[in-house]
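Observations on the three-dimensional arrangement
Each chain, written out:
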Amino acid sequence: MNGTRRPNSMLVELVIVILFFAISASVILQLFVAAGARSAQSTTDTAALLMAEDFAERFAASKLPADSFLEADGFAQDGDTYMRTAEAGKRTLTLAVTGENEDTGAGVLDALHLAIHDQERAVLTLPVSRYLPREDMP
Amino acid sequence: MNRSPQYRVGIGASSILMIFVVLCLTTLGVLSFATARANLQLTGRRQVQVEAYYTAAAEAQALIAEIDAALLEAGEDPDTYDAQVLTLSDIDSRIVVDADRTVSLSFPVGDSQALRVRLAVAEAGDTPRYTVRTHALVNVVDWQPDNSMTLRTQE
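Quick summary incoming for the structure in this document. (Residues numbered from 1 in each chain as written. Chains lettered and ligands numbered in written order. Predicted model: local features only at pLDDT ≥ 70, side-chain atom pairs only at ≥ 80, totals over all residues. Heavy atoms only, no water.)

**Side note on the sheet that holds strand β5 (residues 121-133) of chain A**
- Across the sheet, five strands lie side by side as β1-β2-β3-β4-β5 (chain A); this open sheet has antiparallel pairing. Strands at the two margins of the open sheet, each flanked by one partner only, are β1 (76-78) and β5 of chain A. In this sheet, adjacent strand axes meet at a mean angle of 30° when their direction is disregarded.
- Sheet analysis places β1 of chain A next to strand β2 (residues 81-88) of chain A, joined by three bridges and oriented antiparallel. Pairing of Q77 of chain A across the sheet is with Y82 of chain A, part of β2 of chain A.
- Against the sheet, helix α1 (residues 13-73) of chain B makes contact with β4 (107-118) and β5 of chain A, and its axis sits at roughly 25° relative to β5 of chain A, the strand it touches most. (Pairing = 2+ DSSP bridges. Helix = DSSP H or I, 4+ residues; strand = E, 2+ residues; numbered from the N terminus. Axes fitted to C-alpha atoms, helices over the stretch in contact; angles between N-to-C directions. Contact = heavy atoms within 4.5 Å.)

**Thoughts on the interface of chain B and chain A**
- Counting residues at the interface gives 41 residues for chain B, matched by 38 residues for chain A.
- Buried area between chain B and chain A, summed over both chains or domains, comes out near 3400 Å², and the portion from carbon and sulfur atoms is 69%.
- Counting the surface chain B buries against chain A, the share from its top three residues, F33, L40 and Y54 of chain B, is 18%.
- Summed over the shared surface of chain B and chain A, the result is two salt bridges.
- A salt bridge links E53 of chain A to R46 of chain B; the shortest N-O distance between them is 3.1 Å. (Buried area = accessible area lost by both parts, 1.4 Å probe. Salt bridge = Lys/Arg side-chain N within 4 Å of Asp/Glu carboxyl O.)

**Quick notes on α1 of chain B**
- Between its terminal C-alpha atoms α1 of chain B stretches 90 Å, which fits the 90 Å expected from 61 residues at 1.5 Å a residue.
- G75 of chain B lies just past α1 of chain B and shows a positive phi near 80°. (Expected span 1.5 Å × (residues − 1).)

**Structural notes on the side chain of S62 of chain A**
All names here are of chain A.
- Assignment of secondary structure puts S62 in the loop between α1 (2-61) and α2 (66-72).
- With a relative accessible area of 12%, S62 lands in the buried category.
- Leaving out residues up to four positions away in the same chain, S62 has contacts with F69, R130 and L132. (Buried < 20%, exposed > 50% of the residue type's maximum accessible area, 1.4 Å probe, protein only.)

Quick look at the structure:
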């Protein structure tokens, strides 16, 4: 009698354990998915930040006119906006540059506006300005 | 009759194993979520700081352009030029002109930092009309050292 009751109770316990484990695993899996998504977003944002800083510093150091610099940097003109894409891990970021230049007589002030998008999400916008005195122009 | 020993899994062993596995997975999940969240927050803070720095740098470039235009306008007559240099602070309240022809600009970057730009203005008729001496991010809040603990005793 004892021999038949033991396998039955073990079976019931196993079923309960499997059920409880399945519920717990589904909740924990969601936690891992959320952590993965946040981690991926952090990686993309960091890459976008580095790209933006790199762009701003190279532009500030360059003596080329803004449009020549952008074309040399791989940007394609689309109306008033210059655009190019860049890979950040598995994501493709879109860099869009708009801006204007002002001739002050003594030199030219280029005031650009860099926006980086990850598909539909705006990751970063950065004002990038450079004043180039006329004597320093190529 | 020598019977080989039988190893039976007792009732409750699977429950204990499951509880252990679920606890391990929960701990790992919570830790990885907390790390990812902290990384994202850190990236956000860095993003805000970078945006503030480049906004200040853009303002600095715009003011430098105005200063250079004013210096060019002043012409090559030393008296007119010197008078113009002294009135550069009229362009913007953030411009400070020192007696030694040094022009200082300061732009806040966040709560505790500022972008300090110092220009050395040349003599009348010289080119370039100014030289950037300093373009640096500085702390504007005094750092308070924590001396409450003795870390090392000098012998």
